[in-house]
Amino acid sequence: MFLDRDDTLIRCNDITPDGDLGDPGLVELLPGAREACQGLADAGFILVVVTNQGGVARGKYGPEAVEAVHARLNELLG
């Protein structure tokens, strides 16, 4: 199952006005996201998080920042 990252699993647009989140310190799960992901995994789904990061394209941060945000997301999801 494919899940979008920003504003589906983690807060984004209300944290960064332009929607570009490249700081792992700002990563915050949306209410119920962890439980929903766990329920899907328990039901046998393989979860894949997808994201398009305009901040990389605009030079606001690099791919390493995206990887750091994803690492933090993985920590929070367990």
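Preceding this section is the structure that the text describes.
Notes on the structure follow. In this text the structure is predicted, and so the values were computed from the model without any measurement.

Some details on the overall build of the protein
Right, on to step 1. Tallying secondary structure elements over the protein gives 3 helices and 2 strands in all.
Right, on to step 2. Each helix (α) and strand (β) of the protein, taken in turn from the N terminus, gives the series β-α-β-α-α.
Right, on to step 3. Rg of the C-alpha trace for the protein: 13 Å, near the compact-globule value of 12 Å for 78 residues, within the 12% margin.
Right, on to step 4. With respect to the principal axes defined by its C-alpha atoms, the protein has extents near 40 × 20 × 15 Å.
Right, on to step 5. Among the 78 residues that make up the protein, the fraction classed as buried is 32%.
Right, on to step 6. When contacts within the protein are restricted to residue pairs at least 6 apart in sequence, those whose partners lie at least 24 apart make up 63%.
Right, on to step 7. A total of about 4,700 Å² of accessible surface is found on the protein, and carbon and sulfur atoms cover 55% of it.
Right, on to step 8. On the protein, the mean spot of the 6 positive side-chain charges and the mean spot of the 13 negative ones are 2 Å from each other.

Describing the pattern of salt bridges
A side chain with one charge may pair with a side chain of the opposite charge, provided their charged atoms come close.
Right, on to step 1. Scanning the model with the defined rule gives 7 salt bridges in all.
Right, on to step 2. For D18, the salt bridge goes to K60, with nearest N and O atoms at 1.9 Å. Here the residue D18 occupies a position in the loop between β1 (2-4) and α1 (33-42), and K60 occupies one in the loop between α2 (54-57) and α3 (63-77), the gap between them amounting to 42 residues.
Right, on to step 3. For D18, a relative accessible area of 40% corresponds to the partly exposed category.
Right, on to step 4. Its salt-bridge partner being D20, residue K60 comes within 3.5 Å of it at the nearest N-O pair. With K60 in the loop between α2 and α3 and D20 in the loop between β1 and α1, this pair connects stretches of sequence that are 40 residues apart.
Right, on to step 5. With relative accessibility at 44%, the residue K60 sits in the partly exposed group.
Right, on to step 6. Of the residues examined, D20 reaches a relative accessible area of 7% and is grouped as buried.
Right, on to step 7. One network of salt bridges, with partners in common, ties together D18, D20, R58 and K60.

With respect to the side chain of D6
Right, on to step 1. Position of D6 among the secondary structure elements: in the loop between β1 and α1.
Right, on to step 2. Of the polar contacts made by the side chain of D6, one reaches the side chain of Q53; its length is 3.2 Å.
Right, on to step 3. Filtering out sequence-adjacent residues up to four positions away, D6 remains in contact with C12, G19, T51 and Q53.

Concerning the nonpolar core
General note: in soluble globular proteins, nonpolar side chains tend to be found buried as a group.
Right, on to step 1. If you look at the biggest cluster of nonpolar residues, it comprises 13 residues, and the most contacted ones within it are L9, I10, V27, L29 and L73.
Right, on to step 2. At the level of secondary structure, the elements contributing two or more residues to this core comprise α1 and α3.
Right, on to step 3. When residues in this core are grouped by element, the largest group, 4 residues, is from α3.
Right, on to step 4. If near-sequence neighbours (up to four positions away) are discounted, V27 is found in contact with I10, L21, V69, R72, L73 and L76.

Things to note about a nonpolar patch on the surface
Right, on to step 1. A surface patch of nonpolar side chains, amounting to about 400 Å² of accessible area, comprises F2, I46, V48 and V50.
Right, on to step 2. With respect to the helices and strands, F2 occurs in strand β1.
Right, on to step 3. The class for F2 is exposed, based on a relative accessible area of 64%.

Conventions used here
- Residues numbered from 1 in each chain as written.
- Predicted model: local features only at pLDDT ≥ 70, side-chain atom pairs only at ≥ 80, totals over all residues.
- Heavy atoms only, no water.
- Helix = DSSP H or I, 4+ residues; strand = E, 2+ residues; numbered from the N terminus.
- Rg over C-alpha atoms; globule rule 2.2 N^0.38 Å.
- Buried < 20%, exposed > 50% of the residue type's maximum accessible area, 1.4 Å probe, protein only.
- Contact = heavy atoms within 4.5 Å.
- Areas by Shrake-Rupley, 256 points an atom, 1.4 Å probe, with all protein chains shown as cover.
- Lys, Arg positive; Asp, Glu negative; His and termini not counted.
- Charge placed at Lys NZ, Arg CZ, Asp CG, Glu CD.
- Salt bridge = Lys/Arg side-chain N within 4 Å of Asp/Glu carboxyl O.
- Polar contact = N/O pair within 3.5 Å; in protein donor to acceptor, adjacent residues only side chain to side chain.
- Core = buried A, V, L, I, M, F, W, Y, C linked by side-chain atoms within 4.5 Å.
- Patch = residues over 30% accessible without salt bridge, like charges linked within 9 Å, V, L, I, M, F, W, Y side chains within 5 Å.

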